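Chain by chain, the residues:
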Amino acid sequence: MLFEQTTLLLHMFKNTLLQAVDAGAAELRRFFNGSFTITSKGSINDLVTEADHASEKAIFSVIQKNFPDHFILSEETGALPQNSDIKWIIDPIDGTINFANGIPICCVSIGVEQKGKMILGAVYNPFMNEMYIAEQGQGATLNDKKIQVSDKDNLLTSCLVTGFPYQYLDTANGPLQIFEKLIRKAIPVRRLGSAALDLCWTAAGRFDGFYEHKLQAWDSAAGFLIVEEAGGKVTDLQGNDYSPYQPGIIATNGKIHQQLQSVINGGSI
Ligand code: IPD
Ligand code: CA
Ligand code: CA
C-alpha cells in the first residue's frame, strides 16, 4: 500500500515537473530574439531579463497549483520556505547571457529534492528541442531515449567543458589556472555558458567531463542527477559526495574523474 502511494506521488511529481519545464520554456520561446527588458542584478554582466521573470512565474503557477505546500527555491525569487519534505529547485533560464544574445544554448532546469536527496530532474532546451529527464534509480533520458556517459578513460584525449565565475579567477588552482593547464596539453575545453546543459551534455556522452568552481544550487540540481543516472560520477572539487549547496563541481563519465580531480587540485598532467 505504502509502495503504491509512493509510486503514485512520484508519478504526480513527474507530471508536474514536465508541465512546469514546458510552461517555462514557452516563455523562453515567446521572448527569444524579440524585445525584452534586461536589468542588472548588481555587477555589470549579472543580468536578468523579462523572460527569466516570465519563465519563473509560469513555473511557479504550475507547481503551486498542484502542490501549494511544497518548498520552492528559485534563482530570481529566492526561497519560498514551507514545512515540507519536498523542495523544487528552479533555474527559470540557465544561460541567460546566451538567451539575451540570441544564442540558443539555454534551458529551463528544475530539480525535485525529497528530504535532502534529489529524486527527479528535468532540463529542457526548447531551441534544440532537447528534453533531459532523470529519476533517482531509474536512469536518464534525452527525448525519451536512455542516455549513457562516454567511456573514454584518458584525460589527455577527453573533451571537457567548464564555466567561469567572475570572482576569484586568478587564485591558485582557480578557473584560469586549471583552464590554462588543460589547454597547454591541447585538451579541448569548451565553454557553453549554461551549467545545466554542460551537465546534460556530459550525461549524453558529448563531453567526457565538466568542472566549475562556483555554481548555485539551481544551476546543478537537475543536471547532477541526470549525470549520475546516466552512469557518471559527480563530486565536489575535493572528490566528496556532491551537494548542490556548495560551489564546486566535477561531473564526469567516472573513468577520468580521478585524473581531472587531481589536475584541479594542483596535480600535473
Ligand atoms: C550561469 C550559467 C553559467 C555558469 C554561471 C551561472 P545563469 O547561470 O550556468 O554556465 O558559468 O556560473 O550563473 O546566470 O545563466 O542562470
Ligand atoms: Ca543558472
Ligand atoms: Ca538563471
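Look a little higher up for the structure.
Anyway, here's the lowdown on the structure attached to this text.

Another aspect to go through is the coordination of the calcium ion (ligand 3). Coordination of the calcium ion (ligand 3) by the protein involves Glu75 (OE), Asp91 (OD) and Ile93 (O), with metal-donor separations of 2.2 to 2.3 Å. In primary sequence terms, the donor set of the calcium ion (ligand 3) follows E-x15-D-x1-I. The calcium ion (ligand 2) is placed at 3.7 Å from the calcium ion (ligand 3), the two being bridged by Asp91. In this pair, Glu75 is assigned in the loop between strand S3 (71–74) and strand S4 (78–80) and Asp91 in strand S5 (residues 86–94), connecting sequence segments 16 residues apart. You can call Asp91 buried: its relative accessible area is 0%.

Moving on to the sheet that holds strand S13 (residues 209–212). Spatial ordering of the open sheet is given by S12-S11-S13-S15-S14, a layout of five strands whose pairing is mixed. Of all strands in the sheet, those bounded by a partner on one side alone are strand S12 (189–190) and strand S14 (233–235). Two strands pair when backbone bridges link them, and strand S11 (residues 160–162) and S13 are joined in this way by three bridges, in the parallel orientation. Pairing of Thr162 across the sheet is with Tyr211, part of S13. Helix H6 (residues 217–229) rests against S14 and strand S15 (249–252) of the sheet, and its axis sits at about 140 degrees to S14.

What follows is about helix H7 (residues 257–264). Every buried residue of H7 is accounted for by His257, Leu260, Gln261, Val263 and Ile264. For H7, the arc enclosing every buried residue in end-on projection is 160 degrees, short of the 170-degree limit, so these residues lie on one face. Tucked inside the fold, the buried residues of H7 contact S11, helix H4 (175–184), S13, S14 and S15.

With that settled, consider the side chain of Ser150. One can find Ser150 in the loop between strand S10 (145–146) and S11. Note on Ser150: relative accessible area 16%, which makes it buried. Among the polar contacts listed, one links the side chain of Ser150 to the side chain of Asp208, at a separation of 2.6 Å. A polar atom in the side chain of Ser150 sits 3.1 Å from the side chain of Asn253. In this view, Ser150 contacts Gly205, Phe207, Asp208 and Asn253; residues no more than four positions away in its chain are not counted.

Let us look at the site of ligand 1. Near ligand 1 you find 13 residues, and of these Asp94, Gly95, Thr96, Ala195 and Glu212 are the closest. Thr96 places a main-chain nitrogen or oxygen 2.8 Å from an oxygen atom of ligand 1. Look at ligand 1: alone it shows 380 Å² of surface, and the protein chains cover 80% of it. The cavity that encloses ligand 1 is the largest pocket. By residue number, the principal contributor to the shell around ligand 1 is S5, which donates three residues. Looking at the shell around ligand 1 residue by residue, the classes come out as three nonpolar, four polar and six charged. Both of domain 1 (2–146) and domain 2 (155–264) provide at least three residues apiece to the shell around ligand 1.

The next subject is the side chain of Ser55. Counting through the fold element by element, Ser55 comes out in helix H2 (residues 50–66). Among the polar contacts listed, one links the side chain of Ser55 to the backbone oxygen of Pro92, at a separation of 2.9 Å. Among residues more than four places away in sequence, those in contact with Ser55 are Gly24, Glu27, Leu28, Pro92 and Val108.

Cut-offs used in this document
Starting from 1, residues in each chain are numbered consecutively following that chain's sequence as written. All chains are assigned letters beginning at A, and all ligands numbers beginning at 1, according to the order in which they are written. Note on the predicted model: pLDDT of at least 70 is required for a residue's local features to be given, and 80 or more for side-chain atom pairs to be given and counted; whole-chain, interface and lining totals, by contrast, use all residues. Hydrogens and water molecules were not included; the side-chain quantities draw on all heavy atoms of the structure. As a rule, N, O and S atoms within 2.8 Å of a metal are its donors, except that Na, K and Ca use 3.2 Å; water is not among the atoms, so sites may look incomplete. In DSSP terms, a helix is any run of H or I states spanning at least four residues, a strand is any run of E spanning at least two, and both are numbered starting from the N terminus. Throughout this description, buried means an accessible area under 20% of the type-specific maximum (1.4 Å probe, protein chains only), exposed means over 50%, and partly exposed covers the range between. If DSSP finds at least two bridges between two strands, the strands pair. Contacts: residue pairs with any heavy atoms within 4.5 Å of one another. To define axes, lines are fitted to C-alpha atoms, for helices over the stretch in contact only, and angles between the resulting N-to-C directions are given on a 0 to 180 degree scale. Taking the helix axis as origin, the arc is that swept by the directions to the C-beta atoms. N or O atoms within 3.5 Å of each other form a polar contact, as long as, within protein, one can give a hydrogen and the other can take it, and as long as residues adjacent in sequence are counted only when both atoms are side-chain atoms. In these notes, residues near a molecule or strand are those with any non-hydrogen atom within 4 Å of it. In this description, accessible areas are obtained by the Shrake-Rupley approach with a 1.4 Å probe, and a residue is regarded as covered only by the protein chains that are shown. Residues are said to line a cavity or pocket when one of their atoms sits within 4 Å of a point; the points come from a 1 Å grid over protein atoms alone, cavities being sets where a 1.4 Å probe fits but cannot get out and pockets being open sets with protein on both sides within 12 Å along at least five of seven lines. To qualify as sitting in a cavity or pocket, a molecule needs more than half of its atoms within 2 Å of the grid points. Under the scheme applied, nonpolar residues are Ala, Val, Leu, Ile, Met, Phe, Trp, Tyr, Cys and Pro; charged residues are Asp, Glu, Lys and Arg; polar residues are all the others, including Gly. Residue ranges for the domains trace back to a domain assignment, done automatically or taken from a database.

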